[in-house]
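# A look at the structure
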Amino acid sequence: MKLKVLIVAGDGIGPEVTRQAAAILKTVADIGGHQFQFSEMPIGGAAIRKAGAPLPPSTLDAALASDAVLLGAVGGNEFNSLPPAARPEAGLLQLRQALGGFANLRPAFAHPALAANSPLRPETTSGADILFVRELLGGLYFGEPRAWDQAGGAAWNTMRYTRDEVVRVAHVAFRLAGQRRKKVTSVDKANVLEVSQLWRSAVTEVAQQYPGVALEHQYVDACAMHLMNAPRNFDVVLAENLFGDILSDEAAVITGSLGMLPSATIGGAVNLYEPVHGSAPDIAGKGIANPLGAILTAAMLLRHSAQLETEAKAIESAVVQTLDEGYRTADLERAGATGKHVSTEEAGALVQERLSEILKRARPMEAAAERA
Ligand SMILES: NC(=O)c1ccc[n+]([C@@H]2O[C@H](COP(=O)([O-])OP(=O)(O)OC[C@H]3O[C@@H](n4cnc5c(N)ncnc54)[C@H](O)[C@@H]3O)[C@@H](O)[C@H]2O)c1
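Worth saying up front: this structure is predicted, and the values here are computed from it rather than measured.

## Topic: the nonpolar core
- V69, V133, A173 and A298 are the most contacted members of the largest nonpolar core, which has 107 residues in total.
- Among the elements that take part in this core, helix 10 (residues 292-305) stands out by supplying 9 residues, more than any other.
- Each of domain 1 (1-104 + 256-372) and domain 2 (119-254) gives at least three residues to this core.
- With residues near it in sequence (within four places) discarded, V69 still touches L6, V8, A63, L99, V270, L272 and Y273.

Put into structure tokens, the structure is as follows:
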């Protein structure tokens, strides 16, 4: 298959982890005979230095002309004094908006090998595997009017949704739940907010088109508690922008390290794939960043932009195998625990080796299945 991937590595550890994710995609292409075409463009601080803007028009054009965009991270201390619209982070917000993805997918899962890294008890997190579907283009972050009237000592934002905005993201959640454990938990605050009443009624309407998927509604405050008490009870969690932002960060503790978390934003002109973490200026350039979140992001790219589900699963298995064998980047090491310390590059190479073995093992079986 042919796939044009734009890599916007960005700042800090962005280039370090994206290099490993791109190597993983190249391995998949080489072994499977796929034609993946890679190009690279600057974004964030790197783009400010090179072109004077956090999202140069050439980067945006290249993104819109690609089949998928793989992003590292943006941001750096040297840009902190710039006004918000000129900072590296503005480039990412502009890119997200221009690509138009309205559904942000963020998996949070318990790796048995990392159970002790979570502040939650292993018996609580064991087996947890949640997919957050967060609405990304509406709600409180975008609603008008919004203002801070400094003289008047007041500020306001507007949480606003149209039924169509809710319906389209609900379809994404139900479709994905149908491929998983067939349950959607829709989050709202319908006991207080009118916008949540609209949300609940639209989600309930969409659910009727997916009779095989169970729907439950939870208030956001209760959901925040249940996620920590009984994370295994969740499959797909569907939430509006603000609630999804908060709950998906909360659930990240199940995984044990920010460096493990992938994400995808789908539904727009071009899908955008990025690890959840930022540019981590405190560890940038030291070769110690965890590349597994970026590598798992590459798996999401294959799943959602190339429909290469077998290859996506193979990457996920290679990551699990690497962890099961005890290899740990610095963020995953625990005092007193035995683990084999590895650098960013070594972690990437280990996953790559295991991925090659998995894919090569699968090929003769696939060929036999085709012949049968
Ligand atoms: N999507 C993005 O590009 C994005 C997201 C969040 C923050 N940021 C930006 O990143 C900069 C730093 O922000 P922050 O410190 O709040 O968040 P951060 O995610 O960069 O770092 C938080 C902590 O987690 C650690 N960490 C993060 N990713 C890691 C990895 N892969 N391996 C090992 N350790 C890792 C960091 O060392 C740090 O201690 C800021 O400029 C911020 O605006 C960008």
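## Quick look at the domain arrangement of the chain
- What the domain assignment lists for the chain is domain 1 (1-104 + 256-372) and domain 2 (119-254).
- One C-alpha centre belongs to domain 1, the other to domain 2, and the line joining them spans 25 Å.
- On the domain 2 side, the residues contacting the 9 residues of domain 1 number 10 residues.
- Tallied by class, residues from the side of domain 1 that touches domain 2 come to 5 nonpolar, 4 polar and no charged.

## A word on the environment of L105
- Relative to the elements of secondary structure, L105 occurs in strand 4 (residues 103-109).
- For L105, a count of 26 C-beta atoms within 10 Å corresponds to the buried category.
- Taking the C-alpha atoms as reference points, L105 and P231, 126 residues apart in sequence, are found 17 Å from one another.
- Ignoring sequence-local partners within four residues, the contact set of L105 consists of L131, V133, S263, A264 and I266.

## A word on the pairing of strand 5 (residues 129-135)
- In terms of burial, strand 5 is largely enclosed, as 6 of its 7 residues are buried.
- The pairing of strand 5 with strand 10 (residues 236-239) spans 4 bridges and is parallel. Bridging from a neighbouring strand, F132 pairs with V237 of strand 10.

## Things to note about the pairing of strand 8 (residues 183-188)
- Along strand 8, 5 of the 6 residues are buried, which leaves the element largely enclosed by surrounding structure.
- As defined by bridge partners, strand 8 adjoins strand 9 (residues 214-219) across 6 bridges and the pair is classed as parallel. Following the sheet pairing, V184 is matched in strand 9 by L215.
- For the segment spanning strand 8, helix 7 (residues 194-207) and strand 9, crossover handedness is right-handed.
- Examined bridge by bridge, strand 8 and strand 10 share 3 bridges and lie parallel to one another. In the sheet register, S186 faces strand 10, and the bridge partner there is L238.

## Considering unusual backbone geometry
- Here the bond from E144 into P145 is cis, since omega is 0°, no more than 30 degrees from zero.
- Here P145 lies in the loop between strand 5 and strand 6 (147-149).
- With a phi close to 40°, A280 is a non-glycine residue in the positive phi region.
- Here A280 lies in the loop between strand 12 (271-273) and helix 10.
- By the C-beta count within 10 Å, which is 22 here, A280 ends up buried.
- Here the phi dihedral of Q307 falls at roughly 50°; this positive angle occurs in a residue that is not glycine.
- Looking at the secondary structure, you find Q307 in the loop between helix 10 and helix 11 (309-324).

Cut-offs applied
Residues numbered from 1 in each chain as written. Predicted model: local features only at pLDDT ≥ 70, side-chain atom pairs only at ≥ 80, totals over all residues. Core = buried A, V, L, I, M, F, W, Y, C linked by C-beta atoms within 7 Å. Buried ≥ 20, exposed ≤ 12 C-beta atoms within 10 Å, placed from the backbone. Helix = DSSP H or I, 4+ residues; strand = E, 2+ residues; numbered from the N terminus. Domains from an automatic or database assignment. Contact = placed C-beta atoms within 7 Å. Nonpolar A, V, L, I, M, F, W, Y, C, P; charged D, E, K, R; others polar. Pairing = 2+ DSSP bridges. Right-handed = clockwise from strand over helix to strand, strands pointing away.

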